[in-house]
Structures are given as structure tokens and as C-alpha cells.
Amino acid sequence: MRVLIIEDEVRLAGTLQDLMELNGYTADVSHDGEAGLDNALSGIYDVVLLDVMLPKLDGFGVLKRLRAAGNAVPVLMLTARDQVSDKVEGLDCGADYYLTKPFDPKELLACVRALVRRQPEIRNPDTLEFGGLRLEKSAFTLSCGERSVRLSRKEFDIMELLMRNRNLVITKESLLLKVWGYESDAEDNNVEVYISFLRKKLSHLHAAVKIRTIRMVGYCLEAEEG
């Protein structure tokens with residue numbers, strides 16, 4: 001799961017990014033409202049942590065434009081402004097929750113988990129099963145029957161996307177954005193290399209699930225019949 005942190009205080013942004021990554025999330029940071037809005041509109045994020053007081057475009061402006069564009073990504077607003085009127089404005093702009101600084105890291109993580117649970121497509125994030133395969137986030141393992149292999153972070157993220165969208169085609173562009181990030185220099189070849197790694201591991205597991213290449217488009221996870 002990918003989180004976008006829009007926070008202009010560099011030290012706090014780094015702390016939040018470390019906190020997210022220590023708890024199994026992939027996190028990107030934007031330090032001003034315009035850059036944050038641009039990244040949020042990419043559609044690759046599952047949750048946005050949004051500060052109110054931002055340069056170039058404040059958090060309320062970011063949120064209004066995000067919702068006006070039809071983007072429904074869950075947004076947790078973070079701010080030192082604790083006036084009821086500010087909270088009301090944030091919620092009316094489309095925020096899903098409003099957390100006042102300073103906050104306890106445990107409370108922040110609980111809020112993120114609550115927002116995740118509201119999204120049917122990413123519920124039960126710790127374990128996924130398909131065609132006899134079992135993907136476990138807590139151990140970063142992929143299993144089939146009695147066999148099991150450990151995955152790297154990018155292998156896991158790619159496999160998670162494929163399993164959550166089983167039988168659907170995932171484009172290379174989507175994989176690059178979701179796994180490598182909006183500002184990465186990674187190219188199609190990077191995706192192809194990791195798909196090759198995963199295919200070898202599926203073969204080692206004797207899995208009935210295969211990653212099929214859709215020429216010039218992307219990949220699809222399919223379970224063989226019988």
C-alpha cells in the first residue's frame with residue numbers, strides 16, 4: 001500500500017515517512033501543495049496524509065481540487081490548527097479524518113488502518129490467496145502447499161498488485177507508478193526483470209498460477225485450469 005505525505009516541515013515529513021515504512025507501507029513525500037496535488041492526482045496512492053499550512057497551495061485548496069477532479073483517495077488532514085471551524089472546513093472540503101498536532105504515532109497509524117478498512121479493494125492487507133498461492137505481508141513470503149519463498153520488497157509489491165487484480169491486465173505504467181513511485185527513473189525493463197524473478201519463484205513453488213504477458217500492454221495473473 002502506498003501513502004503520500006504532503007508536509008512542508010522537512011524533519012516531520014521524514015519522520016512520518018520512516019514511521020509509514022517501518023509499518024510496511026510505501027511512502028512518498030511532497031513538500032508543497034502544488035507538488036502534493038500533482039502527485040495525489042496520479043491515482044497511485046491509497047491514503048494521503050495532508051498538512052493544512054503548506055506553501056504554494058494550502059491543504060484546503062489541495063483537497064478541494066483533488067475532490068473536484070473526482071479523486072476519492074482517503075485523506076487524513078494533519079495540522080496544528082485546532083479550532084473547530086478549521087476541522088469543519090477540512091471535513092467539508094472532503095477530508096476523511098482530521099488529526100491535530102502533536103499526535104501520538106500509534107493514533108496516526110490507527111487512523112491510517114481505519115481509512116484502509118473503508119476501502120473494500122484493499123481490506124485484509126496482510127494475507128492474499130489465489131489459485132493455491134498465499135502471499136503474506138508479515139513475512140514477505142509467497143507459498144504454495146508446503147513450499148515457500150521469501151520475496152524482496154518490489155517482488156512483493158508487484159505480486160500484491162497482480163493478486164489483488166487477478167485475471168485483470170495490469171499495465172507496465174501502473175506497475176512502475178505503484179511500485180517504483182511517481183518520481184522514479186525506473187523503466188519498462190525494470191518491470192520485466194522483476195516479473196522474470198517472480199516467474200522463477202512461481203516455477204520453484206510448482207504453482208498453478210502463471211503471470212501472462214499481454215503484448216505491448218502489461219501482465220495478467222491467471223490460474224491454470226485443472
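Because the structure is a prediction, the values reported are computed rather than measured.

Novice: Give a description of the sheet that holds strand S11 (residues 209-214) that names residues and reports values.
Specialist: One open sheet holds the three strands; their spatial order is S10-S12-S11, and the pairing between them is antiparallel. At either end of the open sheet lies a strand with only one pairing partner, and these are strand S10 (169-171) and S11. Within this sheet the neighbouring strands show an average axis-to-axis angle of 30 degrees, counted without direction. Lying on the sheet, helix H6 (residues 153-164) is in contact with S10, S11 and strand S12 (218-223); it crosses S12 at an angle near 65 degrees. Packing of helix H7 (residues 172-180) onto the sheet brings it into contact with S10 and S12, and relative to S10 it is tilted by some 65 degrees.

Novice: Could you give an account of the pairing of strand S3 (residues 47-51), naming the residues involved and the relevant values?
Specialist: Most of S3 is tucked away: five of the five residues are buried. Burial along S3 is two-sided: Val47, Leu49 and Asp51 and Val48 and Leu50, pointing in opposite directions, are all buried. Pairing of strand S1 (residues 2-6) with S3 involves four bridges; the strand directions are parallel. Paired with Ile6 across the strands is Leu50, a residue of S3. Relative to strand S4 (residues 75-79), S3 is paired through four bridges, and the arrangement is parallel. Bridging from a neighbouring strand, Leu50 pairs with Met77 of S4. The handedness of the S3 to S4 crossover, carried by helix H3 (residues 59-68), is right-handed.

Novice: Talk me through the sheet that holds strand S6 (residues 127-130); I want residue IDs and the actual numbers.
Specialist: Pairing in this open sheet of four strands is antiparallel, and the strands run S6-S7-S8-S9 from one edge to the other. Looking along the sheet, the strands with just one partner apiece sit at the ends: S6 and strand S9 (147-150). Each adjacent strand pair in this sheet contributes to an overall mean axis angle of 15 degrees, direction not counted. Across the sheet, H6 is in contact with S6, strand S7 (133-136), strand S8 (141-144) and S9; its angle to S7 comes to roughly 130 degrees.

Rules behind the numbers
- Each chain has its residues counted from 1, running along the sequence as written.
- Side-chain atom pairs in this predicted model are given and counted only at pLDDT of 80 or more, local residue features only at pLDDT of at least 70, and totals for whole chains, interfaces and linings cover all residues.
- Think of the side-chain values as coming from all heavy atoms in the structure, minus any hydrogens and water.
- Two strands pair under a simple rule: DSSP has to find at least two bridges between them.
- To qualify as a helix, a DSSP run of H or I must reach at least 4 residues; to qualify as a strand, a run of E must reach at least 2; elements of each kind are numbered from the N terminus.
- To define axes, lines are fitted to C-alpha atoms, for helices over the stretch in contact only, and angles between the resulting N-to-C directions are given on a 0 to 180 degree scale.
- A contact between two residues is defined here by any heavy atoms of the two lying within 4.5 Å.
- Using a 1.4 Å probe on the protein chains alone, a residue whose accessible area is under 20% of its type maximum counts as buried, one over 50% counts as exposed, and one in between counts as partly exposed.
- Call a crossover right-handed when, viewed with both strands pointing away from you, the route from the first strand across the helix to the second goes clockwise.

Read these as geometric descriptors, not functional statements.
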